[in-house]
Amino acid sequence: MSYCQCRLKLVFGRIFKEFNYEHVALLIDRSDLFSLTVGKNLEYGLKEEGVLKFVRELTGNELLHEGRINKSESDSQMKELKTILRDASMYARDIILSVRGQLVRKFMLAAYE
């Protein structure tokens, strides 16, 4: 990211204000230190702005399986990701993912299905 963490909340706040986004969700991976730090900073800043309606901390290590997994484990993993996205979509139309790259891909695939 090109912005320091302290300015991220200002940048996102300005974008949301510019486009009249009032219902935003934030998903934070608490098992990744960088994602947790950025996510918590965004959480506090966007709550001050009044746009953050849903926050969920998740453990990315549980959602990422290293090595080979079978079809049923993959299906249950995708089902869990879809459930998280469905929960967030009940409160917000826009979702910020403060998660590591591997999880971003999985969330995007789950959202696409």
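Described in the following lines is the structure provided in the data block.

Calculation rules
- Residues numbered from 1 in each chain as written.
- Predicted model: local features only at pLDDT ≥ 70, side-chain atom pairs only at ≥ 80, totals over all residues.
- Heavy atoms only, no water.
- Helix = DSSP H or I, 4+ residues; strand = E, 2+ residues; numbered from the N terminus.
- Buried < 20%, exposed > 50% of the residue type's maximum accessible area, 1.4 Å probe, protein only.
- Pairing = 2+ DSSP bridges.
- Right-handed = clockwise from strand over helix to strand, strands pointing away.
- Core = buried A, V, L, I, M, F, W, Y, C linked by side-chain atoms within 4.5 Å.
- Contact = heavy atoms within 4.5 Å.
- Phe/Tyr/Trp six-rings, centres within 6.5 Å; stacked < 30°, edge-to-face > 60°.
- Polar contact = N/O pair within 3.5 Å; in protein donor to acceptor, adjacent residues only side chain to side chain.

Considerations on unusual backbone geometry
Then, number 1: Even without being glycine, asparagine 20 reaches a positive phi, approximately 60 degrees.
Then, number 2: Relative to the helices and strands, asparagine 20 resides in the loop between α1 (5–18) and β1 (24–29).
Then, number 3: Residue classification places asparagine 20 among the exposed residues on the basis of a relative accessible area of 60%.

Remarks on the pairing of β1
Then, number 1: In terms of burial, β1 is a largely internal element, six of the six residues being buried.
Then, number 2: The alternating pattern of β1 places Val24, Leu26 and Ile28 on one face and Ala25, Leu27 and Asp29 on the opposite face, and all of these are buried.
Then, number 3: With six bridges connecting them, β1 and strand β2 (residues 52–58) associate as parallel partners. Note on β2: the bridge partner recorded for valine 24 is leucine 52.
Then, number 4: You can see the chain leave β1, run along helix α2 (residues 33–49) and come back into β2, and the turn it takes is right-handed.
Then, number 5: Here β1 runs beside strand β3 (residues 94–98); their pairing, made up of five bridges, is parallel.

Focus on the nonpolar core
Then, number 1: One finds Leu27, Leu58, Leu63, Ile84, Leu103 and Phe107 to be the most contacted residues of the largest nonpolar core, which totals 16 residues.
Then, number 2: Ranked by the residues each element gives to this core, the list is headed by helix α4 (residues 71–89), at five residues.
Then, number 3: Residue contacts for isoleucine 84: discarding those within four places in its chain leaves Leu27, Arg56, Leu58, Leu63 and Phe107.
Then, number 4: Grouped together as the second largest cluster of nonpolar side chains are 11 residues, Leu8, Val24, Leu42 and Val51 included.

A short note on the packing of aromatic side chains
Then, number 1: Scanning the model with the defined rule gives four aromatic pairs in all.
Then, number 2: Here phenylalanine 12 and phenylalanine 16 contribute two aromatic rings whose centre-to-centre distance is 5.9 Å and whose plane-to-plane angle is 40 degrees, an arrangement assigned as tilted. One end of the pair, phenylalanine 12, and the other, phenylalanine 16, are both in helix α1, four residues apart, so they sit about a helical turn from each other.
Then, number 3: Judged by its relative accessible area of 6%, phenylalanine 16 falls in the buried class.
Then, number 4: Pairwise contacts between aromatic rings join Phe12, Phe16, Phe19 and Tyr21 into one cluster.

Structural notes on the side chain of threonine 59
Then, number 1: By the secondary structure assignment, threonine 59 is in the loop between β2 and α3 (60–63).
Then, number 2: A distance of 3.2 Å separates a polar atom in the side chain of threonine 59 from a polar atom in the side chain of arginine 30.

What about the environment of glutamate 49?
Then, number 1: Its place among the elements puts glutamate 49 in helix α2.
Then, number 2: For the pair formed by glutamate 49 and glycine 13, sequence separation is 36 residues and the distance between their alpha carbons is 6.7 Å.

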